[in-house]
Each structure stands twice: as C-alpha cells, then as structure tokens.
Amino acid sequence: MNREADLLDSARKYSFRARMDKGEPSGPIFVKGSGSEVEDIDGRRYLHFNSGQMCAALGHNHPTITAAITEACATMIHAHSSYYNVKEIELAGRLARVMPEGLDKSLFLQSGADANEAAVLIARKFTGGYEVASPHISFHGLSDTARSLTFAGWHADHGPLAAGSYAMVAPYCYRCPLRQTFPSCGYACLDTSFELLDAQATGRPAAVITEPLFSAGGGVSISAVTTTAEIEEKVVSGGFIATHSHSNDPLTCAAGIASLDVIEQEDVPAKARAIGERFKGHLTALAQRYEQIGQVRGRGMLLGIELVDDRESRRPAKTLGQAVHRRCFEQGLIFSQRRGGSVLRFVPPATTTPEQLDRAADILDGALRAAIDAQSRGG
C-alpha cells in the first residue's frame, strides 16, 4: 500500500485547495523537520531553503522554542484575551527593549495579515484619515484590508478593493518600471509616487505601509503591532479595540520570548551575515558562469537570482526558472519561485551549515546546467 498515494487521494477529497503555489494535490508530503532539513513520508530528506513558509528562519523545531512551547502546554496554553497573562507582559517588555526608542506598546495577534490590519486601523484612528499607500509589488496578507494593499497579486475575482488603497511605484532598479538608472534617476519612483497619490487621493492620508525587503516571513503563529504610548493613548481613548480569540495567548507569547532568546544568545544577525556572504558568493560565482543569471540580489538569509533570456534584453526566463526549480526539488533542494518562475528566492535558516550551503550551490549549479542544456536542445 502506498501511504503517500492514499493521503493525496484523501487530500483531493477533503482538503480545500487554496494554496498559493499549488493547484492539484501532489507530493511530497512532509512529516518532520529539524534545523535546515525536512523529511517526507517516504523518508527522503530535503534542504529547506525556504525556511518553511519563511517562518522557520531560526531552524525547524529549534530546541529552545520547542522547550518553551512544551512548558506552556504544561502550564497555560490559552488565556482570556480580556485579561493579562505573564508571558504576554514579559514579551511586550522584551520587545520594547529591542525596538527603536519610543516604540514601547505592543499588541500580539496571530498572523502578519492580522498585524497589518491592526496597524492600518490604528493609523486611521489616530490620524482621522483613511487613505493608505503601498508599493506596487508589495505583499501584506490576504485578509480584506491587507489584500487591498497587496499589489503583488491575488486580487482576481475578489470584487472591489477596500476604499482608500493606493499603489506606489516600488524601487526595482534591475527592471525599473520608469526605465531609469540608479542613482542618476534621483529617486524618480518616489517623485512619481507622490504625484500619483496627489492625483488620486482626497486629502485624508492615514499611512504608508512598506517593507525593508519585498518578501514575507513569521514564527510560530504570532505577530506584533508596536507603537508609541502617545498613539496608544489616543486610539484607545477613542474606543479602539483589536483582538481575536487567541490574541496574546501565553503559548505563542512564550514562543516569541524563546525566539528573542535564540536571536540574542546565538547572535543570529552574525549568523545571517555569514550565511549571506557564503551563499551570495556562490550565487555570484554562478552568475559569472551562466549568462542567464541576470542579477544576484538580497542580503543575509534572504537572497535571490533573476533569470533572463539574455542580459541585454533582460526578458524574464520563466520557463527556465520553472525547470531549474523542478530539477533542484528532485535533487532535494527546496526554495520558492516568483514572477512566473524567473525569480528564484532562497531563505536558508540560521541553522544552515557551510557544508549545506555548498551542497545547495552544487545542486543549483547542476540544475542550471541541465536545464540550459535541455533548453538549447529544444527539450
């Protein structure tokens, strides 16, 4: 009996097919993970250079985090969200100590979309405005307000977007939508964005929502909105409430505290720099060998390459990217692809060793060579 086939058959019958990068149910089916690797139901192991859904950046099943969750399971998993619990208060204090000065007040929710919804509501309540701008390739979540500000896609057949949602021109220097060159452009994308906003807006701005790097991420299912005491006082005095059944739960807050412990005690920023330097070095070397790599970009544990038909035209090589992705997956390397397949995104967890980075680069090298050769033969 083939257990994977049986489970996939069950998935076709009972699992709702609303996944971002998948259509029909297909394997592999994962059963466990540790560090930078995951294992499927047949015992095959994969280097997970997408860190789960970019939410296991500290490594799958990190012992410090699993210990904190285990302790919470033995003490208190869920608390009434109208009352305080110890872990919530401890996490809020820890965040205040690492945030920029003045950002002292934190509210804990379940997802990035939840946090973005709450942040927009707070901004609207504080300013009295309702208009929000976001870069045109941004991703902020797929709840109502977050989706209306997610201009990277996922709008089809969802009806009108929430009022007051405006797109700005995102800086994309390799493929500038304004056909400019940095730095001689003088940030033309920013000037154009202001002109577009002035032309469309009604004069009631509330916020701009953006990201340092256009991507995604998380941890156990917890998110935070952090603001100043002044903003909190004004919006709460005006009747603002943002909560869910599991807001500020002690289990997820315990995981949040443990995550900060790992980041600080293991010096994850230093690990990220080392991973970025080594793997970006590999990607840069590959770009010197393969004309189809148009650009290497990113930093730390978030890196990517953009594949092109040729570097002069910069036409996105979507078919090639899809083939490289498939071949890497078959060889045990997981990462994500965007822009129809032409952009390959790598997010190795902080647990990734130099040997694993080298192995991933070897797999990618072989996949690129095989896919380019097959393409040249018309296969």
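Structural notes, computed from the coordinates. Only a predicted model underlies this, so the values are computations on that prediction, with no experimental measurement involved.

Moving on to the sheet that holds strand S7 (residues 205–208). An order of S6-S5-S7 is seen for the three strands of this open sheet, with the pairing classed as parallel. Both outer strands of the open sheet, strand S6 (165–168) and S7, are each paired with one neighbouring strand and no more. Neighbouring strand axes in the sheet, compared pairwise and without regard to direction, differ in orientation by 25° on average. Strand direction decides the pairing type here: strand S5 (residues 131–135) and S6, joined by four bridges, are parallel. Within S6, the residue paired with Val132 across the bridge is Ser165. Of the strands in this sheet, S5 and S7 touch helix H5 (residues 112–127), which is tilted by about 145° from S7.

With that out of the way, let us pick up the packing of aromatic side chains. Per the stated rule, a full pass over the model turns up seven aromatic pairs. Pairing Phe279 with Phe346 gives two aromatic rings, centres 5.5 Å apart and planes at 70°, and the pair type is edge-to-face. Taken together, the residues Phe279 in helix H10 (residues 268–289) and Phe346 in strand S13 (residues 343–346) connect sequence positions 67 residues apart. Phe346 matches Phe279 in its accessibility class, with the two residues each being buried. Consider the rings of Phe335 and Phe346, whose centres lie 4.7 Å apart with planes at 50°: the pair is tilted. Residue Phe335 is located in the loop between strand S11 (333–334) and strand S12 (336–338), and its partner Phe346 is located in strand S13; the two are separated by eleven residues in the primary sequence. For Phe335, a relative accessible area of 4% gives the class buried. Given a relative accessible area of 0%, Phe346 falls into the buried group. Members of the aromatic cluster, each reached through a chain of ring pairs, are Phe49, Phe279, Phe335 and Phe346.

Conventions used here
- By convention here, each chain's residues receive numbers from 1 onward along its written sequence.
- The predicted nature of this model means local features are confined to residues of pLDDT at least 70 and side-chain atom pairs, given and counted, to a pLDDT of 80 or more, with totals for whole chains, interfaces and linings taken over all residues.
- For the side-chain quantities, the full set of heavy atoms in the structure was used; hydrogens and water were omitted.
- Pairing between strands is defined by DSSP: at least two bridges between the two strands are required.
- Helix numbering and strand numbering both begin at the N terminus, where a helix is a DSSP run of H or I of at least 4 residues and a strand a DSSP run of E of at least 2.
- An axis is simply a line fitted to the C-alpha atoms; with a helix, the fit covers only the stretch in contact. Between two such axes, the angle follows the N-to-C directions and lies from 0 to 180 degrees.
- Two residues qualify as a contact provided that any one of their heavy atoms is within 4.5 Å of a heavy atom in the partner residue.
- Think of it this way: a Phe, Tyr or Trp ring, Trp meaning its six-membered ring, pairs with another when their centres are within 6.5 Å, and the plane angle makes it stacked under 30 degrees, edge-to-face over 60, tilted otherwise.
- Categorising residues by exposure relies on relative accessible area from a 1.4 Å probe, with only protein chains included: less than 20% of the type maximum marks a residue as buried, more than 50% marks it as exposed, and the intermediate range marks it as partly exposed.

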